[in-house]
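Each chain is listed here by its residues.
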Amino acid sequence: MIRELTARQRQVLLLAANGNTNAQIAAWLNVKPHSVAEVLTAAYRRLGAADRAQAVAIALAVGELGVHQIHIPDAQREAA
């Protein structure tokens, strides 16, 4: 059973989905990278995901994240 993410879990997972490292996310949120890892781990458990990529895919599939929130880097956009 998939449980709804907390606002913080959704925020951190969205930052991760956009290609940011735990260290980058931590710097923006003014927390320690270990705190980011803990939030992501809790999000994985709520979603029933094994890793970051699967968590993002599940979150997109169940509507926790919107595809419009994922930003494609310009270099990848031009290559497509």
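As a reminder, the structure under discussion sits directly above these lines.
So, here's what we can say about the structure.

Some points on the pattern of salt bridges
Here is step 1 of the chain: For the structure on display, the rule yields two salt bridges.
Here is step 2 of the chain: Here E64 makes a salt bridge to R10, at a shortest N to O gap of 2.9 Å. Separated by 54 residues along the polypeptide, E64 in the loop between helix 4 (52-62) and helix 5 (74-79) and R10 in helix 1 (residues 7-17) bring together distant segments of the chain.
Here is step 3 of the chain: On the basis of relative accessible area, E64 is assigned to the buried category, the value being 12%.

Examining helix 2 (residues 22-29)
Here is step 1 of the chain: Restricting attention to buried positions, one finds in helix 2 the residues I25, A26 and L29. Projection of helix 2 onto a plane perpendicular to its axis shows the buried side chains occupying an angular sector of 100°, all on one side. Facing away from the buried surface of helix 2 by more than 90 degrees, the exposed residues are A27 and W28.
Here is step 2 of the chain: Positive phi shows up at N30, right after helix 2, with a value of about 60°.

Brief notes about the nonpolar core
In globular proteins that are soluble, nonpolar side chains generally tend to be buried together.
Here is step 1 of the chain: Ranked by internal contacts, the top residues of the largest apolar core, which has 19 residues, are V12, L13, L40 and L47.
Here is step 2 of the chain: Going through the elements one at a time, helix 1, helix 2, helix 3 (33-47) and helix 4 are the ones with two or more residues in this core.
Here is step 3 of the chain: Look past the residues within four positions of L40 in its chain and what remains in contact with it is V12, L13, A16, N22 and R52.

The rules behind these values
- Throughout, a residue's number is its position along its own chain's written sequence, starting from 1.
- For this predicted model, a pLDDT threshold of at least 70 governs which residues receive local features, and a threshold of 80 or more governs which side-chain atom pairs are given and counted, while totals over whole chains, interfaces and linings are taken from all residues.
- For the side-chain quantities, the full set of heavy atoms in the structure was used; hydrogens and water were omitted.
- Any carboxyl oxygen of Asp or Glu that lies within 4 Å of a side-chain nitrogen of Lys or Arg is treated as forming a salt bridge with it.
- A helix here means a DSSP run of H or I that spans at least four residues, while a strand means a run of E at least two residues long, and both kinds are numbered starting from the N terminus.
- The buried label goes to any residue with under 20% of its type's maximum accessible area, the exposed label to any with over 50%, and the partly exposed label to all in between, with areas taken from a 1.4 Å probe on protein chains only.
- The directions considered for the arc are those from the helix axis to the C-beta atoms.
- Here, nonpolar core means buried Ala, Val, Leu, Ile, Met, Phe, Trp, Tyr and Cys residues that are tied together by side-chain atoms lying within 4.5 Å of each other.
- Should any heavy atoms of two residues lie within 4.5 Å, those residues are counted as being in contact.

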